[in-house]
Each structure stands twice: as structure tokens, then as C-alpha cells.
Amino acid sequence: MGRAPILRQPVVEAEPVGEDVVEPAPVTEIDPSESLPTVVAEEPDAGPDQPESLPESEAAETPSPLPAPPIPDQAEDPDEKYRPLLSSARAAMMNSEFDVAITALRALSNIPDLSDAAREEVLYNLGDALFGLHQADLADNFGPIAQAYERAMNFNPKSQRTATALRNLGVLHLRVNNLPEARAYFNVLKRDYPHDPLVPTTEYYLGQFFLERGDYDQAANYFQVVVQNHPEHSIAQQSSVGLAKALNAMGYDEQAFQIMDFMEKRWPRYYIDEPELLELAGIIALRVNALESAKQRLLTYYNLIPDTPEADMLLARIGDIYLLSGQPDPARRVFERAAELYPDQEGGLIAKMRLVEGGIHDEPSLDDMFATRRAAEVYSEIISKHPDSPLAAVATIKLAIWQIWNKRLEDSLMVVSEFLATQPNHSLVPKALEVGAEAFSQLVNRNAADGRYPEILEQWHANVFLHDLLDELSPSTQLGLAMAYWSAGEMEQAIALARPYLGEDTPKELQISALELILGIFLEQQEWTRIVDLAPLRDDLPGPQRRELTYSVALAKENLGRSEDARPLWRKLAEDLALSDAQRGYALYFLARTAMQEEDFERVYLYAQEALSLLLLDREDPGKIRDAVTWLTQVTERSGRLQEALAWALELDQLIDRSDPDWSMSRYRLAQLYQRAQNHAEWQAVLEDLKAEDPQGLYGRLAASALQGQTLEDSAGRFF
């Protein structure tokens, strides 16, 4: 919630001192005995000695006393002989020569026959002199100052000077962070001297106490009491400054601007004693976009004190004002001057960034592009030469953004990682994480398109800050990372990344990408059961993906021994001419195998022949090609088409290498077909070859036996 508006009372005529009846802000009353030593009353000195009483007889004879001598008009001044020292002390106090005054006052305070009036003056002045001398280091001189004031108040607690002592003791305790004791003294002052002009100063000092400690809300409350209730008081101007500073620190720009406006009207030459207030006024005006007002105040301050330590930042702000006012040329000249005069100070560094960026870009943004190499050089200079500057962090983020724009993605990730490692609590950490995530996303997209998956994993492992951002990475980035895990053989990590995108609420494009990745892994790993579990997704998929998943599910069911469940899927796939040749060949192959098991030879012949024609196109699966030819051989043989069967057998013989375990069986069956076809020569040649090639094998021995039987048969024929 915003702070309540500042309400200003109309300026009133100044009242005589002591007649101010303004009620102070409510305070907690305390017993003065808790903070001030008890005043001990001294017994009055006894009178001059009296003569002893005479007997009545003697008294009667005593002659009448002589008349008393006349009383002088003026008694002798008891302080006369100390008058020079008293005058010297008073003069030193008037001239603020506190060290001289302290020497004289200490000497006077130890004189036993000093009059009460003079002693009171000396003791209170000693406290004031010590307070004034050590104004800048009250905390280090707490004891002597407190003792001096307490001694004075013990001597005369009803003195007119007690109000000042109470106020200064309160300030003294504030300097040592003893807030309760300070408030106690201030409360005594308000209670016993409610109309004293020092009362408003207590609000000021409390405001200053909280302002210095960053408690701006409490500070503003105390300063506001003075500004509203005591606008004519001498402390009102300083309280206005404090209030403006507190409001400015809290971000109440409009109210801070109102206070500065009030100051300038109430005290037009407020900056004569404190020119730096012009800078504050300029900054506040800049924050409320009062550009002309801001420029005039900052220029005035710079012209008054061109060698101020803040000159570099003054020029940088003036340049910004020109930019915001749509005056780029004057802005450039101011920035060039700042960069030239203060190359290593914050204002000069800001100016350098303004010059290479062509504008004000204090909040690093991925939308900003500073493609010139000079920009990177400026950022690198700030980072390396001025690591302790507040601009170093901004420059680091900007350099990382510059590297993204210039496709130096690995460099950007390295810069972000180093920043997060060295400044984990910096306010720009969220921006650094955003930039790092963008750099990695672009790297994944680039490398995945080129198939450079190992580089993706390398950057993922090198930049551990990304791991906490996994859920914030784009789906395409996560799927790209999953592909990288797949390529590295880390299947479960890949599946874990992709599986969340199989849900119905996932955009179809992402769902398809995740499905293709997971399905590819399952097929590669022959995870048949997990493939079948994906079947419910088919209905919501576009044609190509639905076709691919249907094929995979059918294949999985075959491998799980669920051929009957797979058959309707294969039939549908076999009729789908949009299916790839190899996949359609597989569909027809499995239909042929089922038909063979059912001895439906007509369907076997149709399916196997078409499957063979498709499988021969890429010859990726020799085993299934041989199965199809074998089925065609068996079907034609069983149906009595021996010549066709022999032709399929010869084709099968060409497909089987001699090193194949099935070669011997295939050759023996070929020999049998030759025998049935009455081709004795070919029959004998095949058996002789089989006998020589595999003499110890089953079919080699069968060949030998068949040849031997034929020899016996021939011998018997010659005998008969």
C-alpha cells in the first residue's frame, strides 16, 4: 500500500520563544530518577557564631550597645577575581572554540568559592562545550560528556539550561544505539519543558537515527511530525530533507517530490549550505519524470561543484535525462565527456555502456541486441577491471545476452555459471537463470538439428544450475535433452523426460515428438509389454503416427506370443498402402505365417509371395525373406506344383550361404524335389555335394545313406 499523502499545515507567524503551545507527538513518560542521578539537597551553612548568654545581673549592668555601623550600598562581587577567566570561557563558547572553552571551564569548575550562578553557568557550559567539540564522535566520548551534564543537573536540576542538557543527553545515547535511554531523556524534556523550542528537535534526531539505520518508515514518521507541526522551527528545513530522503528510499517518488517542492518554495536558497541537496532534488525529479526540473538541478549542482566526488554519476544522469528528453546528440556528448574524464568510475562505466548500447538499458533483457563487438569489450572491461562495481553484475548478464545473440552459446553458459557461483545471492540471479536457460535451449535446438547429442549432455553436466530449472525449460528443450540421453544409452533418463508429454492435455506436436522418442527406445530395447501399453494413444494420433504405433503394437503382440490379437492389426496394416514397403512386407509376412499354421495354403501363397516382393526391396531381414520362400516352396510342393516348388527351392538355395546352419537342410530338401521331379542327375549332384560339405552332419549322413541306397538299388537291378 502507498504511504498516506503528506499534509502540510499553512505557514503561521513565528511565536516568541517559550509561548509555543504546540502539543508534541505522544510519548511514553518515564520517571526522571531512572535516567538522572538523584539530586541531593545540601544543608545550608551555619550562621556566624553568637556570644554566650550573660547572667542577668551582668546583663543589667551592661551599657547600651553602640549604634550598628551603616550597611554598604553594594556587597563585594565574589566572582570578581575570576571575571577574566569567566569572560575568556564565554568568548570561546561564542566563537565555538570548544577546546579553549573546555580548558577554562574545567579550571573554573574546580574553584570552591565560585558563586552558585557562575558555577551553574560553568557546569552546563562544560557539558555543551564537550558536546560541541565531539559532535562528530559522540559515541567515543560518551563518558566525559554524560558525566559533565549529569554533574550540571545535579547542581541545579531546575536550571533553564536543563532542557538543552536533556536533549543533548538523548542525542548522546542515540549515538551509542541506546534508543530506550535516549527516548527517556526526550520524554523528560517533553514532560518538564513541553513548550521549549528544543522539543521538536527530538523528533528530528529520532528521525535521523532511523534514517541512518534504513528504517525509512519510522524515520519518515518522525520527520513528518516536525514538518507538519513545526513548519517555522529552525529544524524544519533539515527535517524536510530527512523526510524527502526517507520517502525517496521507500519509493514514494511523488511524495518525495512534493517535499522537495515545499522546501524550494519555503527556503529558495536551501542548497547554499548543502549543495548536495540539489543532487537529491534532481534524482527525485528524475524519478517522477520531471525531466527539465531534474536536469536544471543536476546541472546547477555540477556547475557549483564540478570537482564533487559524484561528478561522474552527475554526468551520467544528465546524459540519461537528455536521452529521455529525446535529445541523443547532447546525451552522446555528455556520455563521451563522462567516459573521458572518469573512465574507471561508475558514471564513466555507465556512459561507456550507454554509448555502445545507444540508449538506456539498465535492466538486462533477452530482447535487447547489442551485436557490435565494442559492446562485448565494454562489458568484459567492467567485469575484469571493476569486479567490485555494482555495474559488474549488470555487465555480466549483458555479456551473456550478447553471446546468445552472437551464437556463442557455450560461452554464455560459462559466464552465467561463474556469476551464479560467485554471487549466489545477487538480485540479478533470476535474470541470470533466465539467460542461462535461454542459452541452453538454443544450444539444444541447434545441436539436436545437427545430431550432436553428446555436446548437449556435456553442457548439461557442466552447468549444474540448469538441473534446478528442468521444469522451466521449454518442452522442445526437454525432449532434445531426452534425445541426447537416448543417444548416450541412458534410456530411463530419456523416457523420464519424455513421458510427461504423452498426456492428453499436451499439444499434439509435443505429444507426437515424445511418443516417437519413447516408441523408438522401446523398439530398440524390445520392451514389448511397454509398447502394448501405448496402444490407447492410437485413436487420437494423426495418420502417420497412428500407423506407426499400430505397427509397433502388432509387432509387440507377435513377440509376446499373442498372434491372434495381432492378426486384425496386421490385416489392417497390409491393406494400408501408405505404410512403408518394409513394414507392409512384415504385415504380410505375419499374415502368411498365421495362414501357414492354419494350413490355409491359398492365403499363404498370396501373403508370402507379396511379402517376399516387398522384403526383397531392401533385404534388411534375410531371415524373413527365407521364411517366405520356404513357405512358397512348401505350399507349391504340397499342392503338387513340383516345378514351381523346385523353382522356389532353387531361389531359396541362392539366399542361404553355406555357413548358414539351415544350409544343409535346405540342400537336402532341394535334392528331394529333384528326386520327385525325376531329375536323377541333379538329385545325385546335390547329395554328393551335401555329403562332401557336411559329412558328419545329419543331412550329410542322410545324403550319404540315400546315395548308398541308390547304389544298392542299381546293383540289384543289374543282378536281376
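Residues numbered from 1 in each chain as written. Predicted model: local features only at pLDDT ≥ 70, side-chain atom pairs only at ≥ 80, totals over all residues. Heavy atoms only, no water.

Student: What's the story with the overall build of the chain in this structure? I'm lost.
Tutor: In terms of helices and strands, the chain carries 34 helices and 0 strands. Expressed as a percentage of its 720 residues, the buried residues of the chain come to 46%. Intrachain contacts of the chain at a sequence separation of at least 6 include 55% that bridge at least 24 residues. With the model as given, the accessible surface of the chain reaches about 38300 Å², and the carbon-plus-sulfur share is 50%. (Helix = DSSP H or I, 4+ residues; strand = E, 2+ residues; numbered from the N terminus. Buried < 20%, exposed > 50% of the residue type's maximum accessible area, 1.4 Å probe, protein only. Contact = heavy atoms within 4.5 Å. Areas by Shrake-Rupley, 256 points an atom, 1.4 Å probe, with all protein chains shown as cover.)

Student: I would appreciate a short explanation of helix 20 (residues 429-450) in the present structure.
Tutor: Compared with an ideal rise of 1.5 Å per residue, which puts 22 residues at 32 Å, helix 20 spans 32 Å between its outermost C-alpha atoms and is within 8% of the ideal. Three or more residues of helix 20 are buried, namely Val429, Ala432, Val435, Gly436, Ala437, Ala439, Phe440, Ser441, Leu443, Val444 and Asn447. (Expected span 1.5 Å × (residues − 1).)

Student: I keep staring at the packing of helix 24 (residues 508-525) against helix 26 (residues 543-559) and nothing clicks. Help me out?
Tutor: Each pair of packed helices can be described by the angle between their axes along with the distance between the axes. Running from amino to carboxyl end, helix 24 crosses helix 26 at an angle of 25 degrees, the nearest separation of the two axes being 11 Å. Comparing the axis directions of helix 24 and helix 26 gives the class roughly parallel. Pair helix 24 / helix 26 crosses with left-handed handedness. Residues Ile512, Leu515, Glu516, Leu519 and Leu523 of helix 24 form the contact with helix 26, whose own contacting residues are Gln545, Glu548, Leu549, Ser552 and Leu555. (Axes fitted to C-alpha atoms, helices over the stretch in contact; angles between N-to-C directions. Parallel < 35°, antiparallel > 145°, perpendicular 65-115°, else oblique. Left-handed = near helix turned anticlockwise from the far one by under 90°.)

Student: Hey, could you run me through the nonpolar core in this one?
Tutor: As a rule of thumb, nonpolar side chains are buried together in soluble globular proteins. By size, the foremost hydrophobic cluster in this structure holds 125 residues, and its most contacted members are Phe440 and Trp570. Among the elements that line this core, the one with the most residues is helix 18 (residues 390-405), at 10 residues. Leave out the neighbours within four places in its chain, and tryptophan 570 touches Tyr551, Ala554, Leu555, Glu558, Tyr586, Ala587, Phe590 and Leu591. Grouped together as the second largest cluster of nonpolar side chains are 93 residues, Tyr205, Phe210, Trp267 and Ala339 included. (Core = buried A, V, L, I, M, F, W, Y, C linked by side-chain atoms within 4.5 Å.)

Student: Would you take a moment to explain the side chain of glutamine 403 for this structure?
Tutor: Looking at the element boundaries, glutamine 403 is found in helix 18. You can call glutamine 403 buried: its relative accessible area is 6%. Each residue touching glutamine 403, except ones within four places of it in the same chain, is listed here: Arg408, Leu409, Asp411, Ser412 and Val415.

Student: Sorry, what's going on with the packing of helix 30 (residues 622-638) against helix 31 (residues 642-655) here?
Tutor: The N-to-C vectors of helix 30 and helix 31 enclose an angle of 160 degrees; their axes lie 8 Å apart at closest approach. Looking at the two axes, helix 30 sits roughly antiparallel to helix 31. Viewed along their axes, helix 30 and helix 31 form a crossing whose handedness is left-handed. Each of Ile625, Arg626, Val629, Thr630, Leu632, Thr633, Thr636 and Glu637 in helix 30 lies in contact with helix 31, whose residues at this interface are Leu642, Glu644, Ala645, Trp648, Ala649, Glu651, Leu652 and Leu655.

Everything listed here is a matter of geometry and, on its own, says nothing about what the molecule does.
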